[in-house]
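Overview (structure and organization)
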Amino acid sequence: MQDSLTALLPPDLLSFLRCPTPQAWVEAALRNQELLLIDHAQCEKKAASTAMSLMYRYVDRPLLLTKMSQLAREELLHFEQVVTLMESRGIAYRHLSASRYAEGLRRHLRAEDPLRLVDLLIVGALIEARSCERFACLIPRLDAELAKFYRSLVKSEGRHYEDYLMLARLVAEEAGDGEVEARIAFLADREARLIEAPDGDFRFHSGVPEAA
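What comes next is a walk through the structure. (Residues numbered from 1 in each chain as written. Predicted model: local features only at pLDDT ≥ 70, side-chain atom pairs only at ≥ 80, totals over all residues. Heavy atoms only, no water.)

A word on the overall build of the protein chain. When you go through the protein chain residue by residue, the secondary structure sums to 9 helices and 2 strands. In the protein chain, the order of α-helices and β-strands from amino to carboxyl end is α-α-α-α-α-α-α-α-α-β-β. In terms of C-alpha radius of gyration, the protein chain reaches 17 Å, essentially the compact-globule figure of 17 Å for 212 residues. Principal-axis analysis of the C-alpha atoms places the extent of the protein chain at approximately 50 × 30 × 30 Å. Counting only residues that meet the buried cut, the protein chain has 50% of its 212 residues in that class. Partitioning the contacts of the protein chain with sequence separation of at least 6, the portion at a separation of at least 24 is 80%. Accessible surface computed for the protein chain: about 10000 Å², of which carbon and sulfur atoms make up 54%. (Helix = DSSP H or I, 4+ residues; strand = E, 2+ residues; numbered from the N terminus. Rg over C-alpha atoms; globule rule 2.2 N^0.38 Å. Buried < 20%, exposed > 50% of the residue type's maximum accessible area, 1.4 Å probe, protein only. Contact = heavy atoms within 4.5 Å. Areas by Shrake-Rupley, 256 points an atom, 1.4 Å probe, with all protein chains shown as cover.)

Have a look at this one:
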């Protein structure tokens, strides 16, 4: 698995994440590809919604507006692509309960802006980076069609990670927040704990399956 990660992902993304995806999650994903695809679709839709929410809330930040507008369009396109792929495989799109992952990260956000925005952007970078890393973990083990599709997503999701992290550092600099690197380290550590902890529900960003 490590070879596929280093071949597909830049070193800075791999070092940004504090732990690799556990092999037990990969095996669970291969056994539950219907759930994987349904939750992947929900993740793409949620990512677009998050970008739109940032656009509505922070209207005085032109670069953020531009980057989030681009991101929202790409995520909605990915959502459409996942749903189309599901339809071709006879998988019905349905609602799934959310995993603990995103909420587990957001509970650590600071209360007031602009520091809250810095944290939101770091969390966005972590989610996009983890998505990329999980695509790369799965690609060598998937059928040709799904592997090709996930490979096509690695580049765009990697760009989203870079954009979120760039914006976080920029907002922190403008706010005089000298602790941004410490916040990145803190939130990355919390993200790793979620990934490595036992998890009762399989989702795209879930932790170690409890049955493993």
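Under the definition given, this model contains 17 salt bridges. With a closest N to O distance of 3.0 Å, Glu27 and Arg141 form a salt bridge. Residue Glu27 is located in helix H3 (residues 23-31), and its partner Arg141 is located in the loop between helix H7 (115-138) and helix H8 (144-175); the two are separated by 114 residues in the primary sequence. Taking the relative accessible area as the measure of exposure, Glu27 reaches 28% and is therefore partly exposed. Between Arg57 and Asp113 there is a salt bridge; the shortest N-O distance is 3.4 Å. You can see Arg57 sitting in helix H4 (residues 33-57) and its partner Asp113 sitting in the loop between helix H6 (101-106) and H7, a full 56 residues away along the chain. Judged by relative accessible area, Asp113 falls into the partly exposed class, the value being 35%. (Salt bridge = Lys/Arg side-chain N within 4 Å of Asp/Glu carboxyl O.)

So, about the nonpolar core. Leu54, Met68, Leu121, Leu138 and Tyr150 are the most contacted members of the largest nonpolar core, which totals 72 residues. Within the residue set of this core, elements represented by two or more residues are helix H2 (11-16), H3, H4, helix H5 (62-88), H6, H7, H8 and helix H9 (180-196). Leave out the neighbours within four places in its chain, and Leu54 touches Leu64, Met68, Leu117, Leu120, Leu121 and Tyr164. (Core = buried A, V, L, I, M, F, W, Y, C linked by side-chain atoms within 4.5 Å.)

Let us now look at the layout of surface pockets. The calculated volume of the largest pocket comes to roughly 650 Å³. Forming the boundary of the largest pocket are 31 residues, of which Gln42, Cys43, Lys46, Ala47 and Ala102 lie nearest the centre. Where the lining of the largest pocket is concerned, the elements lending two or more residues are H4, H6, H7 and H8. Roughly 170 Å³ of internal volume is contained in the second largest pocket. If you trace the second largest pocket, you find it lined by Lys46, Ser49, Thr50, Ser53, Leu54, Arg57, Tyr58, Arg106, Arg116 and Leu120. Mapped onto the lining of the second largest pocket, the elements with two or more residues apiece are H4 and H7. Grouping the constituent residues of the lining of the second largest pocket by class yields 3 nonpolar, 3 polar and 4 charged. (1 Å grid on protein atoms, 1.4 Å probe; cavity = no way out; pocket = protein on both sides within 12 Å on 5 of 7 lines; lining within 4 Å. Points joined across faces, edges and corners; volume = space filled by probe spheres on them. Nonpolar A, V, L, I, M, F, W, Y, C, P; charged D, E, K, R; others polar.)

Taking 1.5 Å per residue as the helical rise, H7 with its 24 residues ought to reach 34 Å, and the 35 Å between its terminal C-alpha atoms agrees with that figure. Buried residues dominate H7, accounting for 22 of its 24 residues. (Expected span 1.5 Å × (residues − 1).)

Turning our eyes to something else, we now look at the environment of Pro11. Within the secondary structure, Pro11 sits in helix H2. Measuring from C-alpha to C-alpha, the distance between Pro11 and Ser152 comes to 19 Å, with 141 residues separating the pair along the chain.

Another point: the packing of aromatic side chains. All told, the structure shown has 7 aromatic pairs when counted by the stated rule. By the ring-pair criterion, three or more aromatic residues cluster together here, those being Trp25, Phe135, Phe149, Tyr150, Phe202 and Phe204. (Phe/Tyr/Trp six-rings, centres within 6.5 Å; stacked < 30°, edge-to-face > 60°.)

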